[in-house]
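Residues per chain are reported as follows:
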Amino acid sequence: MNNPTIKLLPEHLQTICTHAESTYPDECCGIILGFLASEGKTVVEIMPTANAWSTEAANFSEENAIHSERQRYAIAPQVMLQVQREARDRSLNIIGIYHSHTDSPAIPSECDRLYAWQGYSYIIVSVQNGKAGELKSWSLDNSHQFQPESIENVN
């Protein structure tokens, strides 16, 4: 698959944007559930989660611990495990993570890249002055570098 694609319904995009606006100026984050197929990833559900960066920062490098949830995000490991179990029970997978970038572009940061997992889609929404704007999806290539992923809006 040369050009990876993630398929979402308009209400999925709306959930992400509404969540991002509601947490501004802090970053929001959440889990994307769906399934993988030869033609790409299909989103079934968007699950907003709390930004646990401040409580989880101690688990990350000293350098990143100085950043706040305004510039970083983390999903608590117990939340990821719980959602993974629920998804499996519904024959779904965690296919990605979304988060916002406050007053900055929807382009992954180096921190985003360091903590990203291969196989996941990473949807980033830019929130400028409290209003959600540009939304882009990214996935890691074999060199652990982010590559753009097409977003297909399905109805």
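In this convention, every chain numbers its residues from 1, walking through the sequence in written order. Selection of residues for local features in this predicted model requires a pLDDT of at least 70, selection of side-chain atom pairs for listing and counting requires 80 or more, and totals for whole chains, interfaces and linings are taken over all residues. Only hydrogens and water are removed before side-chain values are computed, so all heavy atoms of the structure are retained for them.

*Asks:* Looking at this structure, I do not really get the packing of aromatic side chains. What am I missing?
*Replies:* The geometry of an aromatic ring pair is captured by two quantities: the separation of the ring centres and the angle between the planes. Stacked, edge-to-face and tilted labels apply to pairs of Phe, Tyr and Trp rings (six-membered ring for Trp) whose centres lie within 6.5 Å, assigned for plane angles under 30 degrees, over 60, and everything in between, in that order. If you walk through the whole model with that rule in mind, you get three aromatic pairs. Here tyrosine 120 and tyrosine 122 contribute two aromatic rings whose centre-to-centre distance is 6.3 Å and whose plane-to-plane angle is 40°, an arrangement assigned as tilted. The same class applies to tyrosine 120 and to tyrosine 122, which are both buried. To sort residues, take the accessible area from a 1.4 Å probe on protein chains only and compare it with the maximum for the residue type: under 20% means buried, over 50% means exposed, and anything in between is partly exposed. Residue tyrosine 122 is classed as buried on the basis of its relative accessible area of 4%. An aromatic cluster is present here, built from Trp117, Tyr120, Tyr122 and Phe146 joined pairwise through their rings.

*Asks:* Explain helix H1 (residues 10–23) to me, please; I cannot follow it from the model alone.
*Replies:* Residues spaced three or four apart along an α-helix face the same direction, because each turn holds 3.6 residues. The helix and strand labels rest on DSSP assignments: H or I over at least four residues marks a helix, E over at least two residues marks a strand, and numbering proceeds from the N terminus. Between the first and last residue of a helix there are one fewer steps than residues, each counted as 1.5 Å, and that sum is the expected span. The terminal C-alpha atoms of H1, which comprises 14 residues, lie 20 Å apart, in line with the 20 Å expected from a rise of 1.5 Å per residue. Listed in full, the buried residues belonging to H1 are His12, Leu13, Ile16, Cys17, His19 and Ala20. The buried residues of H1 occupy an angular sector of 160° when the element is viewed end-on, so they sit on one face. What the arc describes is the spread of directions from the helix axis to the C-beta atoms.

*Asks:* Can you help me understand the sheet that holds strand E3 (residues 40–49) in this one?
*Replies:* Note on sheets: strands pair through backbone hydrogen bonds, and any given pair is parallel or antiparallel. Pairing between strands requires that DSSP locate at least two bridges from one strand to the other. Taking strand neighbours around the barrel as the criterion, the seven strands line up as E1-E3-E2-E4-E5-E6-E7 in a closed arrangement whose pairing is mixed. Taking the axes of each pair of neighbouring strands and ignoring which way they run, one obtains an average angle of 35° across the sheet. Note on contacts: a residue pair qualifies if any of its non-hydrogen atoms lie within 4.5 Å across the two residues. The angle between two axes is taken between their N-to-C directions and runs from 0 to 180 degrees, where each axis is a line fitted to C-alpha atoms and a helix contributes only its stretch in contact. Strands in contact with H1 are strand E1 (5–8), strand E2 (29–37), E3, strand E4 (93–102), strand E5 (121–128), strand E6 (131–140) and strand E7 (146–153); relative to E3, the strand with the most contacts, it is inclined by about 35°.

*Asks:* Explanation requested: the pairing of E7 in the structure shown.
*Replies:* Look at any regular strand and the pattern is simple: side chains alternate between the two faces of the sheet. Bridge count for E1 against E7 is four bridges, and the pairing is parallel. Across the sheet, residue threonine 5 finds its bridge partner in E7, namely serine 150. With four bridges connecting them, E6 and E7 associate as antiparallel partners. Within E7, the residue paired with leucine 140 across the bridge is phenylalanine 146. Connecting E6 to the next strand, E7, in antiparallel fashion are five residues, including histidine 144 with a positive phi near 60°.

*Asks:* Would you explain the environment of proline 25 in this entry?
*Replies:* Locating proline 25 in the fold gives a position in the loop between H1 and E2. For the pair proline 25 and asparagine 129, spaced 104 residues apart in sequence, the C-alpha separation works out to 8.1 Å.

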